[in-house]
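# Residue-level structural notes
These are the residues of each chain, in order.
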Amino acid sequence: MGITGRLLCGATALFLLLSPEVVAEEPLTVASLEQGAMADVVAGQYGPADEKIRAAIGLADNEEFNRLALLQGLIATHMGSDGRSLLGAAIGAHESAAWPRPIITYLLGERSLQQVADGVRRSGDNMQVKQRQICELSFYAGAFALADGEKRFAGQLFDKALKTCDRADPVYALTVAEVATIAAPEP
C-alpha cells in the first residue's frame, strides 16, 4: 500500500474514532442528570427534564435525594401535576433530613417561610452556604407561589433570589426563566 493509501486509512480510522456515533458516552451521574434537567426546565422542556430527574433519583444517595425530589416536584407542577403531593410522597418514603428538606416542609405547609429562613440564619453553616440556601428557598417558594397564582408574592421571592443567588448557580438561571414567565403576556 502506498503512502496515499496509508494516509487514507489513517484518516478514515481517525474519523471513525472521533465520530459521535462511535465515541462511547460518559456514564451518567447524578450531577450530570441534574444539570441536564435544570437546563431543560430553563428551556421549558419539562418532559425531558422529568426523565432526567427520575434517572438521577434512581442513582441518588441520601444527601442528594431531597434536592432532586424538590426539583422533581417543581417539574411536575410545570407539567400540570400536583408537585406538592409528589413531594409529600417522596419525603414520606425517605427519611433524610438533609437540605433542602426544610423547603419541602414549607411547601407542604408544615413550617412557615420565616421559620425556614430563621433556621438557615441560625445554622452553623458558613455565609456562603447560608446564601445558597436562602437563594434556593426564595426560588422554590416563588416558583410554587407562582404556580398557585400568587404573582405578586412570587415576584418578591424571585427578586430576593436574584439578589441572593450567585450568577453561576443554576438556580439563578431557573429564577430568570420564572421571572420571564411573569413578564410574558398571557394568551
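Refer to the structure above for everything that follows.
Cut-off values and rules
- Residues numbered from 1 in each chain as written.
- Predicted model: local features only at pLDDT ≥ 70, side-chain atom pairs only at ≥ 80, totals over all residues.
- Heavy atoms only, no water.
- Helix = DSSP H or I, 4+ residues; strand = E, 2+ residues; numbered from the N terminus.
- Buried < 20%, exposed > 50% of the residue type's maximum accessible area, 1.4 Å probe, protein only.
- Contact = heavy atoms within 4.5 Å.
- Disulfide = S-S within 2.5 Å.
- Core = buried A, V, L, I, M, F, W, Y, C linked by side-chain atoms within 4.5 Å.
- Salt bridge = Lys/Arg side-chain N within 4 Å of Asp/Glu carboxyl O.

### Observations concerning the overall build of the chain
Per the secondary structure count, the chain includes 10 helices and zero strands. Traced from its N-terminal end to its C-terminal end, the chain shows the element sequence α-α-α-α-α-α-α-α-α-α. Evaluated residue by residue, the chain yields a buried proportion of 38% over its 187 residues. Across the chain, contacts joining residues at least 24 apart in sequence account for 53% of those joining residues at least 6 apart.

### Side note on the state of the cysteines
Here the structure, examined in full by the defined rule, presents one disulfide. Through a disulfide, cysteine 135 is tied to cysteine 165; the S-S separation comes to 1.9 Å. Between cysteine 135 and cysteine 165 the disulfide shows an S-S torsion of about 95 degrees. By sign, it is right-handed. Of this pair, cysteine 135 sits in helix α8 (residues 127–147) while cysteine 165 sits in the loop between α9 (151–164) and α10 (170–183), and the two are 30 residues apart along the sequence. Judged by relative accessible area, cysteine 165 falls into the buried class, the value being 7%.

### Digging into the nonpolar core
Soluble, globular proteins show a tendency: their nonpolar side chains are buried together. Within the largest apolar cluster, 41 residues are counted, with the highest numbers of intra-cluster contacts made by Leu70, Leu71, Leu74, Leu107, Leu137, Phe139 and Tyr140. Take this core: its biggest share by element is 10 residues, from α8. Residue contacts for leucine 137: discarding those within four places in its chain leaves Ile103, Leu113, Val116 and Ala117.

### Some thoughts on the pattern of salt bridges
Under the definition given, this model contains seven salt bridges. With a closest N to O distance of 2.7 Å, glutamate 34 and arginine 67 form a salt bridge. Taken together, the residues glutamate 34 in helix α2 (residues 30–42) and arginine 67 in helix α4 (residues 62–78) connect sequence positions 33 residues apart. Residue class for glutamate 34 comes out buried when judged on its relative accessible area of 10%. Looking at arginine 67, the relative accessible area reads 26%, which means it is partly exposed. Arginine 132 is the partner of glutamate 136 in a salt bridge, and the nearest nitrogen-oxygen pair spans 3.0 Å. Here arginine 132 and glutamate 136 lie together in helix α8, a separation of four residues that amounts to about one turn. Take glutamate 136: its relative accessible area is 8%, and that puts it in the buried class.

### A look at the environment of tryptophan 99
Looking at the secondary structure, you find tryptophan 99 in the loop between α5 (83–93) and α6 (101–107). Between the C-alpha atoms of tryptophan 99 and arginine 67, which are 32 residues apart in sequence, the distance is 7.1 Å. If sequence neighbours within four positions are ignored, tryptophan 99 has contacts with Glu63, Asn66, Val116, Val120, Gln133 and Glu136.

### A word on the environment of proline 170
Along the polypeptide, proline 170 turns up in helix α10. We classify proline 170 as partly exposed; its relative accessible area is 35%. Between the alpha carbons of proline 170 and glutamine 35 there is a distance of 7.8 Å; along the sequence they are 135 residues apart.

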